[in-house]
Amino acid sequence: MTTLRRFVADDLFTFNNVNLDPLTETYNISFYLQYMAQWPDYFVAAEAPNESCMGYVMGKAEGMGKLWHGHVTAVTVAPEYRRLGLAEELMEILETVSEKIYNGFFVDLFVRVSNKVAIGMYEKFGYTVYRRVLGYYSGADSEDAFDMRKALPRDVRKESIVPLPYPVRPEDLEW
Amino acid sequence: MSDALERKLRPIYEALDSYNNKQAVALCTKALKKQGDAIIIKSLKAVALDRLGRDDEALEICEEIRKTNPTDEAVLQYIVMVYKGCKKTKEIIDVYQSAYSQAPRNEELANHWFMALVRVDDRKQMQQAAMKIQKQFKNSRYLFWTIVTIWLQARDNPGGPQTLLTTLTERMLVKAAEEGHIKDYEALQLYIEVLETQGKLGEALAVVNGELGNLCKVSADRKRIVARLAKASKNWKVLLTVSKELLLTSPDDWMSYCNYIEALKRLLLDTEDPSTKENLIEQARSLFSVLESKASNGKRLKRGPLLAGLELEKMLICSGQAVDDTSKMSGLITAYLAQFGSTLSCFDDLRPYLQFTSASIVQSLFEGASRAAEEDLSTASVRNLVNVEKIRRWSEKKLSSNQAKARSEYYMTTYQRTMPLGEKFDERELQPGDDYILLGAHSLLDLYGEDRGQRQLLGDAALILEYGSARSKFNYQIKLLLIRVYFELGAHKRLLEVATTMDIKQIQHDTLSYLFTDDLEYLGCPESAMRAVVKSLTIYGSNERETPEMIVQAFKYGTYSKIPEFIRFRDRLKKSLQYAVSQRQLYRVEILRRFPALDNLGYYLEILDDDFLKYTDDHINSLSDNRDVTLLANWSAIERPIASVVSGTQFPRKRELWLKLHSLIPLILRGICNAETAEWFGHHQELKEVIDIGKGGNEELDEIAAADALYNVSAVLLNIRDVPPSAPLDLSDFQNILDRLKATVPSHFVEQALSYDHLRCLTLFLESCNYACIGLAAITALIQGHQKARGKAVCTPTVESLTSAIRAILVTFRDELSALKKITTNPDVVPLTKEHPSWMNAQAQKIRQDVETELVASWTSSLDALIASVSVRIDRKA
Ligand SMILES: CC(C)(COP(=O)(O)OP(=O)(O)OC[C@H]1O[C@@H](n2cnc3c(N)ncnc32)[C@H](O)[C@@H]1OP(=O)(O)O)[C@@H](O)C(=O)NCCC(=O)NCCS
């Protein structure tokens, strides 16, 4: 019931039903366009039969050596299309892209420590908390983040996901 | 770089890094005294000066440097920085072009030159540069730059001589393919797109099915391209087959279902043979049932197969392949509800098929769902019931006034029953019963749409929505509707407060602002209106700054498909209808704010950018309407968005005429204020035409009346401007304008609360008065000029008597406004129900009180603002 396709610039005009959600940030133009220009396969939209936007995932590949990995920048689903398995499908695409196109060792993401729904969801998808990042989210709703990871087949011994026992600060992040 | 130079540079860099620009300038000046020719220091000085806002000096230095034909990358970088800041795009191109021509082996410079051309979107130059660079560096990346730049020119104007360019693009791509330069998915896509555009679908198909098709790393991508091409070439058999293959791997892929069903329809229509038909239909049904079982074996149920079943039956009925069989469709709908009734999207999923069901089925669905919720009140049973409520609403005929009120009350009591279910939800999640709030408000608003005299329905709808919003703080549907209702009530304060909580930003300024900024300038809140509009305009500056850089990025990363996509995006924002409307709203507010001082207004109008004031049909028709008008939920069978029901006209409203009016008004005022006659007369005549069109088409008659006042003022001034200084002046036409104004002072709002309509009428009257005041001020200025020249001219009537006539009108108007203010603060006129429906508990009572207070406060502030505006005009010295 979903058409999955590349996210295109014109979608920015119609993604409001998704982005008016309080947990979904609306970024500036260059943020989205940069992702589209640099990682077009990593930015996927889900479209409903009436052509409205159901949700999207945006990601990128980054890192060096054994830290080469896929990163989930945002995954979000419009309220009216939640609990249909859409986030799961979008995350699967992102993992496929990370594995098949970019050949990464793992996938990682940041999530607000208060976002219980999302954390539970990522755990269900096989992600585990790798470390806590203090004050990762700044501004009015400043908050810590969990850096969660899931190993891809290339990381045979799952070294990338061994949790760090101590929290880090945003300036300690590798990228 | 020498050590000595480096020692000198270090403190300059440090000063610049810490934004100590003054110090940086001083250091540079000092260093230059000793080393007058160090252009690196000069360029740094230019940067520092530019940062201090001393653009002219900075640019002068840059020019000086440019004469030396620099190729040093640091120097180039700094002067380009200055040029960028001053928006000197042409200079940037020249700088890089000349640097590159001096160092033709420097690939970095070549890239800079090309990208500078990309930023200004000069496609011909881009092509020439790309070809030159390609010749020099022989890299397939530059070959594709060349191809894309030609392709961009070809796409620009399909049909014209550009077809030659399309052929050229194709030839280059064929050659690139032969020589093995097509090496990634993006290049492949470009190749296929060019073939497709020319209708060479067979060739395109051959490419995808051939070796190059392997560039699609995900096999479904390749099949999707095949499906697209098969569809375009009406090759229904192929389309049927690939769609089937795609569905077997992903049984929820809606596009493939649609393609499959479309192919099936065409094949059915193409054959007369009943057994072939039957066979095809049988195949489809069995495929869908395979997919259904496949989907339910998976981790979770997918909606696709069941909905595809509905889509299939719908197609068969609509194309005459099957009889309209309500029971079959109803069965499928019931089955779908049983599986997915508790998902939020269920109603929207089923909407296209509801026309095939019957009232009795709906009734029995409703009874079943109610019973289920009665027995076990859970989030799931409530969501299911809400979906059925929506179906019921959709299929119902119009309700009587009492029925609708009773229904709204029923929705609210049911809502209250569901409230405990969501108590523990994260506040950022929707509450299970939220849609009952919307249904409750919709019922009242529908009724209001029928009888706009019943204004308390609006207040009651606001109350319901506020009540729901207090519980579900982030439900944007509730908030957006609330905004529209407050707008109709003429209450700008709370409306803008609610809008602020929505945190509209970035691109949403273009697509969503209209929901709360459209027509805000009529609500008697000039300051807030200006702030809201100015904020929304920021996105267009961002577009100018950011999007060209991203087009550069797409070239850089070789994402060819994104280049036309980004260009289109940039143009849609640049030519946004919302942009044009907001810009004019701003002018409008400013004109009212600035006037009592004629020269202040004149100066403001003088510097308006004429590009923003274009009013030709061609220009207006070329604007891009990016407003997101599908956002507000609508559950009625009549295609009438709820926002239009609330406003009583199409919302957002048509803007063609309005845009013309509000281009011409500032242009004519410019003529009047600055006695600038060159274009004034032309605009004056245009305005007459627009006014006649408006009158003829009954469009915006109140706006037209105000524009008419301006037209008449303009006519008087055009008439007298050439009268010789000492000749008598006949101002009787101006007296006529004032007589008309006097006869139309708004005064018919006795014993009624304010509303958008009222405020609009008051604001437009104020504008008409303003035009008369401006006209009189201009006449006065003209006469004063004459007096200096030669003696005193005789005016009939005298300027003094006109001035006191206008004052008298303004005083009457002000008295009316003050009287209105007294009425408005009387709680009895506030349009809120006096009865107490059963759901009104203590909390609802409190919210009712708040709504009342808010409305009164907002209206009072609007009237105060209008009174203040009138007063400055009364007190204005002649
Ligand atoms: C988080 C979010 C993306 C989930 O999208 P979704 O399409 O509804 O998720 P799915 O249907 O694929 O759910 C997958 C699993 O996640 C869990 N989950 C999702 N939403 C849940 C909820 N509201 N409560 C509890 N569990 C939930 C469930 O385990 C679910 O599996 P199940 O339905 O079989 O029980 C969506 O709620 C959302 O867009 N939230 C706002 C944006 C956000 O928070 N993004 C993540 C920031 S990093």
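Residues numbered from 1 in each chain as written. Chains lettered and ligands numbered in written order. Predicted model: local features only at pLDDT ≥ 70, side-chain atom pairs only at ≥ 80, totals over all residues. Heavy atoms only, no water.

Caption draft 1: Main features of the overall build of chain B. Helix and strand counts for chain B stand at 41 helices and two strands. Along the longest, intermediate and shortest principal axes, the C-alpha atoms of chain B span 100 × 85 × 55 Å. Across the 878 residues of chain B, 54% fall into the buried class. In chain B, the share of contacts with a sequence separation of at least 24, taken over all contacts with a separation of at least 6, comes to 71%. Charged side chains of chain B number 113 positive and 117 negative; the gap between the two group centres comes to 4 Å. (Helix = DSSP H or I, 4+ residues; strand = E, 2+ residues; numbered from the N terminus. Buried < 20%, exposed > 50% of the residue type's maximum accessible area, 1.4 Å probe, protein only. Contact = heavy atoms within 4.5 Å. Lys, Arg positive; Asp, Glu negative; His and termini not counted. Charge placed at Lys NZ, Arg CZ, Asp CG, Glu CD.)

Caption draft 2: Molecular detail of a nonpolar patch on the surface. Together, Met64(A), Leu67(A) and Trp175(A) make up a nonpolar patch on the protein surface, roughly 320 Å² of accessible area in all. The residue Leu67(A) is located in the loop between strand E3 (53-62) and strand E4 (69-77) in this model. (Patch = residues over 30% accessible without salt bridge, like charges linked within 9 Å, V, L, I, M, F, W, Y side chains within 5 Å. Areas by Shrake-Rupley, 256 points an atom, 1.4 Å probe, with all protein chains shown as cover. Salt bridge = Lys/Arg side-chain N within 4 Å of Asp/Glu carboxyl O.)

Caption draft 3: Structural detail: the environment of His619(B). Mapped onto the elements, His619(B) comes out in helix H33 (residues 617-621). Between the C-alpha atoms of His619(B) and Lys575(B), which are 44 residues apart in sequence, the distance is 9.2 Å.

Caption draft 4: Broad picture of the site of the ligand. Neighbouring the ligand are 23 residues, the closest being Val77(A), Arg83(A), Gly85(A), Asn115(A) and Lys124(A). The site occupied by the ligand is bordered by residues of chains A and B. Side-chain polar atom of Thr76(A) to an oxygen atom of the ligand: 3.5 Å apart, as the coordinates give it. For the ligand, an oxygen atom lies 2.9 Å from a polar atom in the backbone of Ala87(A). Coverage of the ligand by the protein chains reaches 81% of its 900 Å² of free accessible surface. Secondary-structure elements contributing two or more residues to the shell around the ligand are E4, helix H3 (86-101) and helix H4 (116-124) of chain A. A per-element tally of the shell around the ligand places H4(A) first, with five residues. (Near = heavy atom within 4 Å. Polar contact = N/O pair within 3.5 Å; in protein donor to acceptor, adjacent residues only side chain to side chain.)

Caption draft 5: Structural context of the domain arrangement of chain B. Looking at the assigned domains, one finds that chain B contains domain 1 (3-178) and domain 2 (748-878). Its C-alpha centre places domain 1 of chain B at a distance of 56 Å from the equivalent point of domain 2 of chain B. (Domains from an automatic or database assignment.)

Caption draft 6: Summary view of the interface of chain A and chain B. Contact with chain A, which involves 48 residues of that partner, is made by 55 residues of chain B. Summing both partners gives a buried area of about 4500 Å² for chain A against chain B, and 59% of it is carried by carbon and sulfur. Contact with chain B buries surface across chain A, with Met1(A), Phe13(A) and Leu20(A) losing the most and accounting together for 19% of the total. At the surface where chain A touches chain B, the tally comes to five salt bridges. Between Glu25(A) and Lys505(B) there is a salt bridge, with the nearest N and O atoms lying 2.6 Å from each other. Where chain A meets chain B, there are 21 residue pairs in polar contact (both at pLDDT 80 or more). Looking at the side of chain A that touches chain B, the elements that each hand over two or more residues are strand E1 (3-6), helix H1 (16-19), helix H2 (29-38), H3 and H4 of chain A. In terms of residue class, the side of chain A that touches chain B is made up of 24 nonpolar, 14 polar and 10 charged. (Buried area = accessible area lost by both parts, 1.4 Å probe. Nonpolar A, V, L, I, M, F, W, Y, C, P; charged D, E, K, R; others polar.)

Caption draft 7: View of helix H15 (residues 254-270) of chain B. The end-to-end C-alpha separation of H15(B) is 24 Å, in line with the 24 Å expected for 17 residues at 1.5 Å each. Those residues of H15(B) lying buried are Trp254(B), Ser256(B), Tyr257(B), Asn259(B), Tyr260(B), Ile261(B), Ala263(B), Leu264(B), Leu267(B) and Leu268(B). Next to the buried residues of H15(B) lie E1 of chain A together with helix H13 (219-232), helix H14 (236-249), helix H16 (274-297) and helix H17 (304-318) of chain B. (Expected span 1.5 Å × (residues − 1).)

Caption draft 8: Representation of the side chain of Asp519(B) in the model. Residues and elements named next belong to chain B. Note that Asp519 resides in the loop between helix H28 (514-517) and helix H29 (526-557). Judged by relative accessible area, Asp519 falls into the buried class, the value being 7%. A distance of 3.4 Å separates the side chain of Asp519 from the side chain of Arg655, its partner in a polar contact. Those residues in contact with Asp519 that lie beyond four places of it in its chain are Phe487, Gln585, Arg653, Arg655 and Tyr756.

Caption draft 9: Inspection of unusual backbone geometry at higher detail. Residues and elements named next belong to chain B. The omega angle of the peptide bond from Phe651 to Pro652 is -5°, so this bond is cis rather than trans. Structurally, the position occupied by Pro652 is in the loop between helix H34 (642-647) and helix H35 (656-674). You will see that Lys138, though not glycine, has its phi angle at about 50°, which is positive. For Lys138, the location among the structural elements is in the loop between helix H8 (123-137) and helix H9 (140-156). At Ala675, a position not held by glycine, the phi torsion is positive, near 45°. One can find Ala675 in the loop between H35 and helix H36 (677-696).

Caption draft 10: Molecular detail of the sheet that holds E1(A). Residues and elements named next belong to chain A. Reading across the sheet, the seven strands line up as E1-E2-E3-E4-E5-E7-E6 and stay open at both edges, with mixed pairing between neighbours. Edge strands, defined here as strands with exactly one partner in the open sheet, are E1 and strand E6 (128-137). This sheet shows a mean twist of 25° between the axes of neighbouring strands, independent of strand direction. (Pairing = 2+ DSSP bridges. Axes fitted to C-alpha atoms, helices over the stretch in contact; angles between N-to-C directions.)

Caption draft 11: Spotlight on the environment of Gly468(B). All names here are of chain B. As for its placement among the helices and strands, Gly468 is situated in helix H24 (residues 456-471). The spacing of Gly468 and Tyr436 is 32 residues in sequence and 8.9 Å in space, taken between C-alpha atoms. Residues in contact with Gly468, not counting those within four places in the same chain, are Tyr415, Ile437 and Ile478.

Caption draft 12: Structural detail: the pairing of strand E2 (residues 43-47) of chain A. All names here are of chain A. Of all five residues making up E2, five are buried, and the element is well covered by its neighbours. Taking every second residue as pointing to the same face, both faces of E2 are buried, with Phe43, Ala45 and Glu47 on one and Val44 and Ala46 on the other. Pairing between E1 and E2: four bridges, direction antiparallel. Residue Leu4 lies in a different strand from E2, and its bridge partner there is Ala46. Bridging between E2 and E3 involves five bridges; their strand directions are antiparallel. From the neighbouring strand, Ala46 faces E3, where its bridge partner is Gly55.

Caption draft 13: Focus on the pairing of E6(A). Residues and elements named next belong to chain A. Across six bridges, the pairing between E6 and strand E7 (residues 143-151) is antiparallel. For Tyr137, the partnering residue across the bridge sits in E7 and is Glu143. Hairpin remark: E6 followed by E7, antiparallel, with five residues in the connecting loop; positive phi at Gly139, about 90°.

Caption draft 14: Fine view of the pattern of salt bridges. Counted according to the given criterion, the structure contains 70 salt bridges over all chains. The partner of Asp144(A) in a salt bridge is Arg132(A), with the nearest N and O atoms 3.0 Å apart. Of this pair, Asp144(A) sits in strand E7 while Arg132(A) sits in strand E6; the two residues are 12 residues apart in sequence, bridging distant segments of the chain. Relative accessible area serves as the criterion here: at 18%, Asp144(A) is assigned to the buried category. It is possible to trace a salt-bridge network through shared partners that takes in Asp518(B), Asp519(B), Arg653(B), Arg655(B), Glu700(B), Asp702(B) and Arg760(B).

Caption draft 15: A look at the confidence of the model for chain B. Taken as a whole, chain B shows an average pLDDT of 93; of its residues, 98% reach a score of 70 or greater. With pTM at 0.95, the complex prediction returns an ipTM value of 0.96. (pLDDT = per-residue confidence, 0-100.)

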